[in-house]
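# A closer look at the structure
The lines below spell out each chain.
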Amino acid sequence: MGKRGLGGVLLILAGAILLSAWAMGHRGPMLPLGPILVVAACAFWGLDNNLTQRISLRDARRIGAIKGLVGGAVSLSLALLFRQTGALPGARSILAIAVLGSVSYGLSIVLFIRGLRELGIVQTGALFASAPGFAALLSWVFLLEPCTRPRSCPGGHDGG
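What this report covers is the structure whose coordinates are included nearby. (Residues numbered from 1 in each chain as written. Predicted model: local features only at pLDDT ≥ 70, side-chain atom pairs only at ≥ 80, totals over all residues. Heavy atoms only, no water.)

Let us look at the overall build of the protein. Scanning the protein from N- to C-terminus turns up 6 helices and 0 strands. Listed by position from the N terminus, the elements making up the protein come as α-α-α-α-α-α. Buried residues in the protein amount to 17% of all 160 residues. Relative to all contacts within the protein whose residues are 6 or more apart in sequence, the contacts with residues 24 or more apart total 45%. For the protein, the accessible area works out to roughly 12,000 Å², and carbon and sulfur atoms hold 71% of it. (Helix = DSSP H or I, 4+ residues; strand = E, 2+ residues; numbered from the N terminus. Buried < 20%, exposed > 50% of the residue type's maximum accessible area, 1.4 Å probe, protein only. Contact = heavy atoms within 4.5 Å. Areas by Shrake-Rupley, 256 points an atom, 1.4 Å probe, with all protein chains shown as cover.)

Quick look at the structure:
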C-alpha cells in the first residue's frame, strides 16, 4: 500500500470517527457502536475493492452484473429479515427498479472496475469516495437543496 495509501486509510478512519462523533454530538453522548460500524463498513469496502481489483481484467459488465445481483439480493433479504419493507413491489415497479439500478449502480461498478485496471485501488477508491460530496455540492448549487446546518452549507443556502 505504501506510505500514501496508509496515510489515506488513516485519514478515512479519522474522518469516519469525526463524522460519527459530530452527527451524534447534537443528540447526546456518542455510543461507540456508530463509529465501529462505520469503520467496519470502510474495512469491508476496502476488502471488496481489493478482491474486485484482482479480477478486474475480466469482463467488467459481467462482474458488475454479478455484484449487483448479489448485492441486491442481500439488501432485499436484510430488509425483509429486519422488517424494513412491506409487501414486495409489483412487476412494473421491479422493472423500473432494475432499469434504475442498472444505470446508477451497474454503470458505476463497471466504471469503477475499469478505473481499478487503469489507476489502481487507492486512486480509484479516492475518486469514487469523493462522489457523494460532489453530489451534495451539486444539489446545493443547482437544485438549491436545503442544508440542515447553516454553518455547513456552501453559498448560504441554510434551509432553515
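Turning to the nonpolar core, a few remarks are in order. Within the largest apolar cluster, 5 residues are counted, these being A60, I63, I109, V110 and I113. Those elements that provide at least two residues to this core are helix 3 (60-81) and helix 4 (91-119). With sequence-adjacent residues up to four places away left out, I113 is seen in contact with T52, S56, A60, I63 and G64. (Core = buried A, V, L, I, M, F, W, Y, C linked by side-chain atoms within 4.5 Å.)

Turning next to the packing of helix 3 against helix 4. Running from amino to carboxyl end, helix 3 crosses helix 4 at an angle of 130°, the nearest separation of the two axes being 8 Å. What the angle tells us is that helix 3 and helix 4 run oblique. Remark: the crossing between helix 3 and helix 4 carries right-handed chirality. Across the interface between the two elements, A60, R61, I63, G64, K67 and G68 of helix 3 pack against Y105, I109, V110, I113, R114 and R117 of helix 4. Of the residues contributing to the contact of helix 3 with helix 4, the split by class is 6 nonpolar, 2 polar and 4 charged. (Axes fitted to C-alpha atoms, helices over the stretch in contact; angles between N-to-C directions. Parallel < 35°, antiparallel > 145°, perpendicular 65-115°, else oblique. Left-handed = near helix turned anticlockwise from the far one by under 90°. Nonpolar A, V, L, I, M, F, W, Y, C, P; charged D, E, K, R; others polar.)

Glancing now at the pattern of salt bridges. Tallied over the entire structure, the rule returns 2 salt bridges. Of the charged contacts in the structure, one is a salt bridge between K67 and D48, with a shortest N-O distance of 2.8 Å. On the criterion of sequence distance, the pair formed by K67 in helix 3 and D48 in helix 2 (residues 33-54) is long-range, its members being 19 residues apart. We classify K67 as buried; its relative accessible area is 18%. Note that D59 is salt-bridged to R61, the shortest N-O span being 3.6 Å. (Salt bridge = Lys/Arg side-chain N within 4 Å of Asp/Glu carboxyl O.)

Right, let's get into a nonpolar patch on the surface. A cluster of nonpolar side chains, I66, V70, V74, L78, L81 and F82, forms an exposed patch at the surface whose accessible area comes to about 600 Å². Relative to the helices and strands, V74 resides in helix 3. V74 gets classed as partly exposed once you look at its relative accessible area, which sits at 44%. (Patch = residues over 30% accessible without salt bridge, like charges linked within 9 Å, V, L, I, M, F, W, Y side chains within 5 Å.)

Summarising the element assignment, G106 is placed in helix 4. Along the primary structure G106 and A60 are separated by 46 residues, whereas in three dimensions their C-alpha atoms are 9.9 Å apart.

Moving on, we get to the side chain of T52. Locating T52 in the fold gives a position in helix 2. The buried category is assigned to T52, whose relative accessible area is 3%. Engagement of the side chain of T52 in a polar contact is seen with the backbone oxygen of D48, the distance being 2.8 Å. Excluding residues within four positions of it along the chain, T52 makes contact with K67, I113 and L116. (Polar contact = N/O pair within 3.5 Å; in protein donor to acceptor, adjacent residues only side chain to side chain.)

Our next topic: unusual backbone geometry. Phi is positive for L144, close to 55°, though the residue is something other than glycine. Within the secondary structure, L144 is located in the segment after helix 6 (131-142).

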